[in-house]
Protein chains: 2
Amino acid sequence: MERITFSSRPAIVMGSAGGGGLEGQGPLVEYFDILSADSRFERDTWEKGEAEMISRTTTALLKKARLKETDIDLVFAGDLTNQCTASSFGLKDKQIPYAGLYGACSTFVLGLGLSALTVDAGKAEHVMVVASSHFCTAERQYRFPLEYGCQRTPTAQTTVTACGAVILGKHENQLPYISEFMPGVIRDLGITDTNDMGAAMAPAACDTLVRYFSSGAASPEKFDAVFTGDLGQAGSRILADLLQKNGLYIPHLFDCGMTIYDLKKQNVHAGGSGAGCSASVFSGYILYQLNNDLMKNVLLVGTGALLSPTSAMQKESIPGVAHLVRIQKGD
Amino acid sequence: MERITFSSRPAIVMGSAGGGGLEGQGPLVEYFDILSADSRFERDTWEKGEAEMISRTTTALLKKARLKETDIDLVFAGDLTNQCTASSFGLKDKQIPYAGLYGACSTFVLGLGLSALTVDAGKAEHVMVVASSHFCTAERQYRFPLEYGCQRTPTAQTTVTACGAVILGKHENQLPYISEFMPGVIRDLGITDTNDMGAAMAPAACDTLVRYFSSGAASPEKFDAVFTGDLGQAGSRILADLLQKNGLYIPHLFDCGMTIYDLKKQNVHAGGSGAGCSASVFSGYILYQLNNDLMKNVLLVGTGALLSPTSAMQKESIPGVAHLVRIQKGD
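Residues numbered from 1 in each chain as written. Chains lettered and ligands numbered in written order. Predicted model: local features only at pLDDT ≥ 70, side-chain atom pairs only at ≥ 80, totals over all residues. Heavy atoms only, no water.

Draft legend 1. View of the overall build of chain A. Counting its secondary structure elements, chain A contains ten helices and 14 strands. In terms of overall size, chain A behaves like a compact globule, its C-alpha atoms giving a radius of gyration of 18 Å where 331 residues would be expected to give roughly 20 Å. With respect to the three principal axes, the spread of C-alpha positions in chain A is 50 × 50 × 35 Å. By residue count, 66% of the 331 residues in chain A fall in the buried class. (Helix = DSSP H or I, 4+ residues; strand = E, 2+ residues; numbered from the N terminus. Rg over C-alpha atoms; globule rule 2.2 N^0.38 Å. Buried < 20%, exposed > 50% of the residue type's maximum accessible area, 1.4 Å probe, protein only.)

Right under this line is the structure:
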């Protein structure tokens, strides 16, 4: 698919971010609306806790935006739990038509692109996008029971406990807007180490960025920032190498997985990951930069590893995908 | 969200259906393009077999439509396996931008709606929609190892081994087209019996149908057929009751889960279910009816149960969702 452009400038009306204890100790603490040191969010299981985090974050979002549930025409939502139940249970009490997505950690950007398409086409007044992840639900689902206290490899990333949510609506001056969307093609270079997701996702990120900048888009130096989702330290190094091999230099390249935590002070190995990572960093920190004119031209490249514990056990490699949106402020 | 209408009449260019052994013994055998009595589709695990089924069905679809992978701008795909790996592995070798969906058994209709929106908005020439399910991958993931030979309750449905795929494109005379889309709102009436998914999904189907027919849509008797996705025998009875309570009479109401099998002759309990059920019945049988003017005005209501084994074990109820599209031929 060619780069999709949205001429009507679908606006990001409001954003809200929720997080857990570790996120509240990180450098982005001030950009979270909801923080809970209790990883169960006062519910009795981690899974119910993740749903509760989604519920609280989206309730806070509606309040900030001064909109009612019934003002929202559609919600795109997804997470990492099997059958995406964090999203379905987290949103089931809100009377909003529900479109479930699965893009692993690329879910939020896929949702941004599809919601911009829906608003731009004039088919909805307001569309919500939500993505979340939770360290404890992910760790026991993908890896080992937390009680084992397994040691992790240096390339392993820390699944963030976080939820990001935004509402899109019609263009308004002074609001940032989504101007472009490029959905990703699945790339699989044969990586099989499930403790090195960054390596599995970096080729997909490179592919999408190369396709984007070859499509007649603005040149890399025009962007105040290009954020990848959650390649972490190891994956970001690989992406830098791959971009160099492709002759593409991006001066302001960042990774949400390395932004959400302080990698020197916090024990998070190669950085953050999870569908809630780019979602919360965008809905909190990046949106603040845009709303306050500290950034005016940003790319967000959501990166997802499309594996499951079953596919890994059956010795399949790890396919990656990377979706891209461009967010602008002003002309 | 109000009922979305597509004035450009995004066309269903072609469809293809793949299935397994039981589906090949059923009444719709002649509408399948691909059938394999080997439930592993000549691969070494059921999961790889499901991916293989998707790969073969979509390859057959491209051939029938005389289109290349590069002619397809975007694919919406989803299934029931954890992290939707059947779809990602089944489609990873095709160079098509990939948007993953999760709507349980409602996935295909959600995909139809979003692809119609994309084509109608002029953002894509061709969009593919794919959904699948597999009896063996689902049974061992959701219930018990098949080797146990567990006895099932009469309300239990049989997850179909099937894949349905269509390509949407710009309007052409003589092709059926998607004229309306109404995404579903999650409904949860507190059903907790995971052997009675029909009961959990029926309220969502009723809700969507009532909202649709209250929205100024054509009246129920104008439709040659209204197909629900996979309520099965038990769920369909409940839907009939609920519709009656709501004063809504739909003369030609069918269920894909009861169409795909012969409930008297095949040992399928309450009928078929799974994301591949409505997908394959639509892409094969219903599309044939439309293409041959045997039906000209059809509603397809995809029904999904948004639970997981984990949510069920944590004693959560089963939320349901139902998405609707209207498919027409001629004026």
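Draft legend 2. The relation of the copies chain A and chain B, seen in detail. By a simple turn and slide, chain A fits onto chain B: the slide is 0.0 Å along the axis, the RMSD is 0.0 Å, and the turn is 180°. Interpreted geometrically, this transformation is the action of a two-fold axis. Within chain A, Leu101 of chain A has its C-alpha nearest the rotation axis, a separation of 2.1 Å. In this assembly the copies share their binding face: 100% of the residues contributing to the interface of chain A also contribute to that of chain B. (Least-squares fit on C-alpha atoms with pLDDT ≥ 70 in both. Contact = heavy atoms within 4.5 Å.)

Draft legend 3. Focus on unusual backbone geometry. Residue and element names in this part refer to chain A. With a phi angle near 60°, Asp293 is a residue other than glycine that sits in the positive phi range. If you trace the backbone, Asp293 turns up in the loop between helix H9 (275-291) and strand E13 (297-305). Since its relative accessible area comes to 41%, Asp293 is described here as partly exposed.

Draft legend 4. Here's a closer look at empty space enclosed by the protein. Residue and element names in this part refer to chain A. Going through the model one piece at a time under the given rule, you end up with four cavities of 30 Å³ or more. Within this model, the largest cavity holds a volume of roughly 240 Å³. Contributing to the lining of the largest cavity are 23 residues, with Cys105, Arg143, Thr159, Met197 and Ser273 lying nearest its centre. Here the residues of the lining of the largest cavity sort into eleven nonpolar, eight polar and four charged. (1 Å grid on protein atoms, 1.4 Å probe; cavity = no way out; pocket = protein on both sides within 12 Å on 5 of 7 lines; lining within 4 Å. Points joined across faces, edges and corners; volume = space filled by probe spheres on them. Nonpolar A, V, L, I, M, F, W, Y, C, P; charged D, E, K, R; others polar.)

Draft legend 5. Highlighting the interface of chain A and chain B. The interface is formed by 57 residues belonging to chain A together with 57 residues belonging to chain B. In this structure, the connection of chain A to chain B is made through four salt bridges. The residue Lys123 of chain B makes a salt bridge to Asp120 of chain A at a minimum N-O spacing of 3.6 Å. No other element matches helix H4 (residues 107-120) of chain A, which puts five residues into the side of chain A that touches chain B. (Salt bridge = Lys/Arg side-chain N within 4 Å of Asp/Glu carboxyl O.)

Draft legend 6. Region of interest: the packing of aromatic side chains. All names here are of chain A. Taken as a whole and judged by the stated rule, the model has 18 aromatic pairs over all chains. Each ring, one from Phe227 and one from Tyr285, has its centre 6.5 Å from the other, and the planes form 85°; the classification is edge-to-face. Taken together, the residues span a long stretch of sequence, with Phe227 in strand E10 (residues 225-228) and Tyr285 in helix H9 at a distance of 58 residues. We classify Tyr285 as buried; its relative accessible area is 19%. Among the aromatic residues, those joined into a cluster by ring pairs are Tyr31, Phe227, Phe254, Tyr285 and Tyr288. (Phe/Tyr/Trp six-rings, centres within 6.5 Å; stacked < 30°, edge-to-face > 60°.)

Draft legend 7. Inspection of the nonpolar core at higher detail. The biggest cluster of nonpolar side chains holds 158 residues, and the ones touching the most others in it are Phe282 and Leu300 of chain A together with Phe282 and Leu300 of chain B. Within the second largest apolar cluster, 27 residues are counted, among which are Met201, Leu242, Leu243 and Leu307 of chain B. (Core = buried A, V, L, I, M, F, W, Y, C linked by side-chain atoms within 4.5 Å.)

Draft legend 8. Highlighting the environment of Lys222 of chain B. Residues and elements named next belong to chain B. Along the polypeptide, Lys222 turns up in the loop between helix H6 (197-213) and strand E10 (225-228). Residue classification places Lys222 among the exposed residues on the basis of a relative accessible area of 55%. In sequence terms Lys222 and Phe32 are 190 residues apart; their C-alpha atoms lie 28 Å from each other.

Draft legend 9. Just the packing of helix H2 (residues 46-65) of chain A against helix H5 (residues 135-142) of chain A, in detail. Residues and elements named next belong to chain A. The contact between H2 and H5 brings their axes to 8 Å, and the two run at 140°. Relative to H5, the element H2 is oriented oblique. Every pair of crossing elements has a handedness; the one defined by H2 and H5 is left-handed. The residues of H5 that touch H2, namely those facing Trp46, Glu47 and Glu50, are Cys136, Thr137 and Arg140. Of the residues assigned to the contact of H2 with H5, the class counts are two nonpolar, one polar and three charged. (Axes fitted to C-alpha atoms, helices over the stretch in contact; angles between N-to-C directions. Parallel < 35°, antiparallel > 145°, perpendicular 65-115°, else oblique. Left-handed = near helix turned anticlockwise from the far one by under 90°.)

Draft legend 10. Inspection of the pattern of salt bridges at higher detail. Tallied over the entire structure, the rule returns 34 salt bridges over all chains. For Glu180 of chain B, the salt bridge is made with Arg3 of chain B, and the minimal N-O distance between the two is 2.8 Å. Of this pair, Glu180 of chain B sits in strand E9 (residues 177-182) while Arg3 of chain B sits in the segment before strand E1 (4-5), and the two are 177 residues apart along the sequence. Through salt bridges that share partners, Glu42, Arg43, Glu52 and Arg56 of chain A make up one connected network.

Draft legend 11. Molecular detail of helix H4 (residues 107-120) of chain B. Residue and element names in this part refer to chain B. If you check H4, its first and last C-alpha atoms are 20 Å apart, about what 14 residues at 1.5 Å a residue would give, namely 20 Å. The buried fraction of H4 amounts to 14 of the 14 residues, a majority that puts the element mostly inside the structure. Just beyond H4, the residue with positive phi is Gly122, at close to 75°. (Expected span 1.5 Å × (residues − 1).)

Draft legend 12. Layout of the environment of Leu231 of chain B. When you line up the elements, Leu231 of chain B lands in the loop between E10 and helix H7 (232-245). Distance in space between the C-alpha atoms of Leu231 of chain B and Lys315 of chain B is 22 Å, their sequence separation being 84 residues.

Draft legend 13. Local environment of the state of the cysteines. Counted according to the given criterion, the structure contains zero disulfides over all chains. Cys150 of chain A provides the cysteine sulfur closest to Cys136 of chain A, a residue in no disulfide bond, and the two sulfurs are 14 Å apart. Here Cys84 of chain B stays free of any disulfide, with the sulfur of Cys84 of chain A as its closest cysteine sulfur at 6.1 Å. The buried category is assigned to Cys84 of chain B, whose relative accessible area is 3%. (Disulfide = S-S within 2.5 Å.)

Draft legend 14. Representation of the pairing of strand E14 (residues 320-328) of chain B in the model. Residue and element names in this part refer to chain B. Most of E14 sits inside the fold, with nine of its nine residues counted as buried. Judged by which residues are buried, E14 turns out to be covered on both faces: Gly320, Ala322, Leu324, Arg326 and Gln328 on one side and Val321, His323, Val325 and Ile327 on the other are all buried. Inspection of the sheet shows E9 paired to E14 by five bridges, in the antiparallel sense. Looking at E14, one finds that Phe181 is bridged to Val325. For strand E13 (residues 297-305) and E14, the ladder comprises nine bridges, and the chain directions are antiparallel. Along E14, the bridge assignment pairs Leu299 with Arg326. (Pairing = 2+ DSSP bridges.)

Draft legend 15. Layout of helix H5 (residues 135-142) of chain B. All of the buried residues along H5 of chain B are Cys136, Thr137, Ala138, Glu139 and Tyr142 of chain B. Contacts made by the buried residues of H5 of chain B are with helix H2 (46-65), strand E7 (158-159) and helix H10 (309-313) of chain B.

Draft legend 16. Representation of the layout of surface pockets within the structure. Residue and element names in this part refer to chain B. What the largest pocket holds in volume is close to 990 Å³. For the largest pocket, the lining is made up of 47 residues, of which Glu139, Arg143, Arg152, Gln157 and Thr159 are closest to its centre. Mapped onto the lining of the largest pocket, the elements with two or more residues apiece are helix H1 (21-24), H5, E7, H6 and H10. When residues of the lining of the largest pocket are assigned to their parent elements, the largest contribution, five residues, is made by H5. Residue composition of the lining of the largest pocket, by class: 24 nonpolar, 18 polar and five charged.

Functional significance is not addressed by these values, which are geometric in nature.
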